Amino acid sequence: MGRKSDPVAKAKNAIAENTQVYQRMNFLHQAAILLANIPKEATTAELAAKDHSTHPKSAVNSSRIDTTQEPALSPLSRHYCNTMKQISRKLVLRLDPNVKRSICKTCENILIPSVTSSTRVKSRPQKNITITCRSCNTKKRLVSKRGHELWTNKSKDKQVER
Ligand SMILES: [Zn+2]
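This text gives an overview of the structure that appears in the document. Note that the structure is a prediction, hence the values are computed from the model and not measured.

1. Points about the sheet that holds strand S3 (residues 139-143)
Overall, antiparallel pairing links the three strands, which are arranged S1-S2-S3 in an open sheet. Looking at the sheet topology across the chains shown, the edges are occupied by strand S1 (117-122) and S3. Neighbour-to-neighbour, the strand axes of the sheet open up by a mean angle of 20°, direction not taken into account. Relative to strand S2 (residues 128-133), S1 runs antiparallel, the two sharing six bridges. When the sheet's bridge partners are listed, Val121 is paired in S2 with Ile129.

2. A look at the packing of helix H2 (residues 19-36) against helix H5 (residues 74-90)
Remark: H2 packs on H5, axes separated minimally by 8 Å, with the N-to-C direction vectors making an angle of 160°. Relative to H5, the element H2 lies roughly antiparallel. Handedness of the H2/H5 crossing: left-handed. Facing Val21, Arg24, Met25, Leu28, His29, Ala31, Ala32, Leu35 and Ala36 of H2, the residues of H5 in contact are Ser74, Leu76, Ser77, Tyr80, Cys81, Thr83, Met84, Ile87 and Ser88.

3. Focus on H5
For H5, which comprises 17 residues, the first-to-last C-alpha distance of 24 Å matches the rise-based estimate of 24 Å (1.5 Å per residue) to within 8%. Buried residues along H5 sit in contact with H2. Of the residues trailing H5, Val92 is marked for its positive phi of about 50°.

4. A few points about the nonpolar core
Core analysis: the biggest nonpolar cluster contains 12 residues, these being Met25, Leu28, Ala32, Ala36, Tyr80, Cys81, Met84, Ile103, Cys104, Ile110, Leu111 and Cys133. Elements with a contribution of two residues or more to this core: H2 and H5. It is H2 that provides the largest number of residues to this core, a total of four residues. Leaving out residues up to four positions away in the same chain, Met84 has contacts with Met25, Leu28 and His29.

Reading guide: rules and limits
- Residues numbered from 1 in each chain as written.
- Predicted model: local features only at pLDDT ≥ 70, side-chain atom pairs only at ≥ 80, totals over all residues.
- Pairing = 2+ DSSP bridges.
- Helix = DSSP H or I, 4+ residues; strand = E, 2+ residues; numbered from the N terminus.
- Axes fitted to C-alpha atoms, helices over the stretch in contact; angles between N-to-C directions.
- Parallel < 35°, antiparallel > 145°, perpendicular 65-115°, else oblique.
- Left-handed = near helix turned anticlockwise from the far one by under 90°.
- Contact = placed C-beta atoms within 7 Å.
- Expected span 1.5 Å × (residues − 1).
- Core = buried A, V, L, I, M, F, W, Y, C linked by C-beta atoms within 7 Å.
- Buried ≥ 20, exposed ≤ 12 C-beta atoms within 10 Å, placed from the backbone.

Purely spatial values, then, with no claim about function.
See below:
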(Lines give C-alpha, C1' and ligand atoms only; values in the text may rest on other atoms or scores of the structure.)
Protein backbone atom coordinates (compact mmCIF):
# COMPACT_ATOMS: atom_id res chain seq x y z
CA MET A 1 0.00 0.00 0.00
CA GLY A 2 2.95 2.25 0.53
CA ARG A 3 4.33 4.37 -2.29
CA LYS A 4 6.70 2.71 -4.73
CA SER A 5 10.31 3.53 -3.96
CA ASP A 6 12.46 4.69 -6.85
CA PRO A 7 15.39 2.25 -7.35
CA VAL A 8 17.78 5.06 -8.31
CA ALA A 9 16.91 7.06 -5.20
CA LYS A 10 17.18 3.89 -3.13
CA ALA A 11 20.69 3.19 -4.48
CA LYS A 12 21.74 6.80 -3.87
CA ASN A 13 20.47 6.57 -0.29
CA ALA A 14 22.42 3.35 0.25
CA ILE A 15 25.62 5.05 -0.95
CA ALA A 16 24.99 8.16 1.15
CA GLU A 17 24.31 6.07 4.25
CA ASN A 18 27.41 3.93 3.80
CA THR A 19 29.93 6.49 2.54
CA GLN A 20 32.56 5.52 5.10
CA VAL A 21 32.08 1.82 4.36
CA TYR A 22 32.52 2.41 0.62
CA GLN A 23 35.62 4.50 1.30
CA ARG A 24 37.05 1.71 3.41
CA MET A 25 36.31 -0.88 0.71
CA ASN A 26 37.85 1.38 -1.92
CA PHE A 27 40.99 1.73 0.20
CA LEU A 28 41.24 -2.05 0.69
CA HIS A 29 40.86 -2.68 -3.05
CA GLN A 30 43.52 -0.13 -3.98
CA ALA A 31 45.89 -1.39 -1.27
CA ALA A 32 45.42 -4.97 -2.51
CA ILE A 33 46.32 -3.93 -6.07
CA LEU A 34 49.35 -1.99 -4.86
CA LEU A 35 50.68 -4.87 -2.74
CA ALA A 36 50.15 -7.39 -5.52
CA ASN A 37 52.22 -5.20 -7.85
CA ILE A 38 55.32 -5.25 -5.65
CA PRO A 39 57.59 -7.86 -7.25
CA LYS A 40 59.40 -10.56 -5.30
CA GLU A 41 62.69 -9.19 -6.66
CA ALA A 42 62.48 -6.20 -4.33
CA THR A 43 62.61 -8.41 -1.25
CA THR A 44 64.88 -11.17 -2.63
CA ALA A 45 67.47 -8.60 -3.77
CA GLU A 46 67.78 -7.34 -0.20
CA LEU A 47 68.12 -10.89 1.13
CA ALA A 48 70.74 -11.70 -1.49
CA ALA A 49 72.76 -8.66 -0.48
CA LYS A 50 72.69 -9.81 3.17
CA ASP A 51 73.54 -13.41 2.30
CA HIS A 52 76.41 -12.40 0.04
CA SER A 53 78.48 -11.18 3.01
CA THR A 54 78.13 -14.49 4.92
CA HIS A 55 77.26 -17.27 2.44
CA PRO A 56 78.33 -16.60 -1.14
CA LYS A 57 76.76 -19.86 -2.44
CA SER A 58 73.28 -19.13 -1.09
CA ALA A 59 73.46 -15.65 -2.57
CA VAL A 60 74.01 -17.14 -6.02
CA ASN A 61 70.98 -19.42 -5.58
CA SER A 62 68.69 -16.65 -4.35
CA SER A 63 69.76 -14.30 -7.14
CA ARG A 64 67.96 -16.55 -9.64
CA ILE A 65 64.53 -14.99 -9.65
CA ASP A 66 61.64 -17.09 -10.78
CA THR A 67 59.17 -14.90 -12.65
CA THR A 68 56.39 -17.48 -12.25
CA GLN A 69 56.36 -16.97 -8.47
CA GLU A 70 53.59 -14.90 -6.95
CA PRO A 71 54.31 -11.39 -5.63
CA ALA A 72 56.02 -11.05 -2.26
CA LEU A 73 53.14 -9.42 -0.45
CA SER A 74 50.32 -11.41 -2.03
CA PRO A 75 49.15 -12.96 1.31
CA LEU A 76 48.53 -9.46 2.65
CA SER A 77 46.85 -8.46 -0.60
CA ARG A 78 44.63 -11.54 -0.32
CA HIS A 79 43.75 -10.63 3.26
CA TYR A 80 42.65 -7.15 2.15
CA CYS A 81 40.43 -8.64 -0.57
CA ASN A 82 38.94 -11.04 1.95
CA THR A 83 38.21 -8.16 4.37
CA MET A 84 36.57 -6.16 1.57
CA LYS A 85 34.33 -9.10 0.63
CA GLN A 86 33.41 -9.69 4.27
CA ILE A 87 32.35 -6.04 4.68
CA SER A 88 30.15 -6.20 1.57
CA ARG A 89 28.61 -9.48 2.76
CA LYS A 90 27.86 -8.26 6.29
CA LEU A 91 26.29 -4.97 5.23
CA VAL A 92 24.64 -6.47 2.12
CA LEU A 93 26.30 -4.00 -0.23
CA ARG A 94 26.82 -5.00 -3.85
CA LEU A 95 30.33 -4.85 -5.19
CA ASP A 96 30.71 -3.31 -8.62
CA PRO A 97 31.01 -6.08 -11.26
CA ASN A 98 34.41 -4.74 -12.35
CA VAL A 99 35.70 -4.99 -8.78
CA LYS A 100 34.13 -8.41 -8.33
CA ARG A 101 35.71 -9.69 -11.53
CA SER A 102 39.15 -8.55 -10.40
CA ILE A 103 39.14 -10.96 -7.44
CA CYS A 104 39.69 -14.72 -7.68
CA LYS A 105 36.73 -16.64 -6.29
CA THR A 106 38.79 -19.50 -4.89
CA CYS A 107 41.87 -17.93 -3.29
CA GLU A 108 40.67 -14.28 -3.17
CA ASN A 109 43.80 -13.11 -4.93
CA ILE A 110 43.58 -9.86 -6.86
CA LEU A 111 43.72 -10.60 -10.59
CA ILE A 112 46.13 -8.27 -12.37
CA PRO A 113 46.82 -9.26 -16.00
CA SER A 114 50.33 -10.72 -16.48
CA VAL A 115 51.18 -10.22 -12.78
CA THR A 116 48.83 -12.50 -10.85
CA SER A 117 46.70 -13.76 -13.75
CA SER A 118 46.89 -14.57 -17.43
CA THR A 119 44.25 -13.41 -19.87
CA ARG A 120 43.35 -15.24 -23.08
CA VAL A 121 40.73 -14.56 -25.71
CA LYS A 122 39.04 -17.77 -26.84
CA SER A 123 36.44 -18.48 -29.50
CA ARG A 124 35.12 -21.84 -28.28
CA PRO A 125 32.61 -22.93 -27.11
CA GLN A 126 31.59 -19.30 -27.17
CA LYS A 127 33.57 -16.11 -27.67
CA ASN A 128 34.96 -15.40 -24.24
CA ILE A 129 37.81 -13.94 -22.25
CA THR A 130 39.42 -16.51 -19.97
CA ILE A 131 41.23 -15.17 -16.93
CA THR A 132 43.37 -17.74 -15.13
CA CYS A 133 44.57 -17.14 -11.59
CA ARG A 134 48.29 -17.92 -11.36
CA SER A 135 48.26 -19.04 -7.74
CA CYS A 136 45.35 -21.54 -7.82
CA ASN A 137 44.73 -21.98 -11.60
CA THR A 138 41.04 -21.16 -11.27
CA LYS A 139 39.58 -20.02 -14.56
CA LYS A 140 37.06 -17.24 -14.98
CA ARG A 141 35.16 -17.02 -18.26
CA LEU A 142 33.65 -13.72 -19.29
CA VAL A 143 31.29 -13.79 -22.25
CA SER A 144 32.22 -11.35 -25.00
CA LYS A 145 29.19 -11.76 -27.21
CA ARG A 146 28.00 -8.89 -29.36
CA GLY A 147 25.15 -7.09 -27.65
CA HIS A 148 25.91 -8.73 -24.31
CA GLU A 149 25.48 -6.31 -21.44
CA LEU A 150 26.06 -6.45 -17.72
CA TRP A 151 22.97 -6.33 -15.52
CA THR A 152 24.10 -2.98 -14.14
CA ASN A 153 24.10 -1.39 -17.61
CA LYS A 154 20.77 -3.00 -18.47
CA SER A 155 19.05 -1.60 -15.39
CA LYS A 156 20.39 1.88 -16.20
CA ASP A 157 18.90 1.75 -19.72
CA LYS A 158 15.55 0.65 -18.33
CA GLN A 159 15.60 3.51 -15.89
CA VAL A 160 16.26 5.98 -18.72
CA GLU A 161 13.33 4.56 -20.74
CA ARG A 162 10.95 5.22 -17.86
ZN1 LIG B 1 43.04 -17.96 -7.33
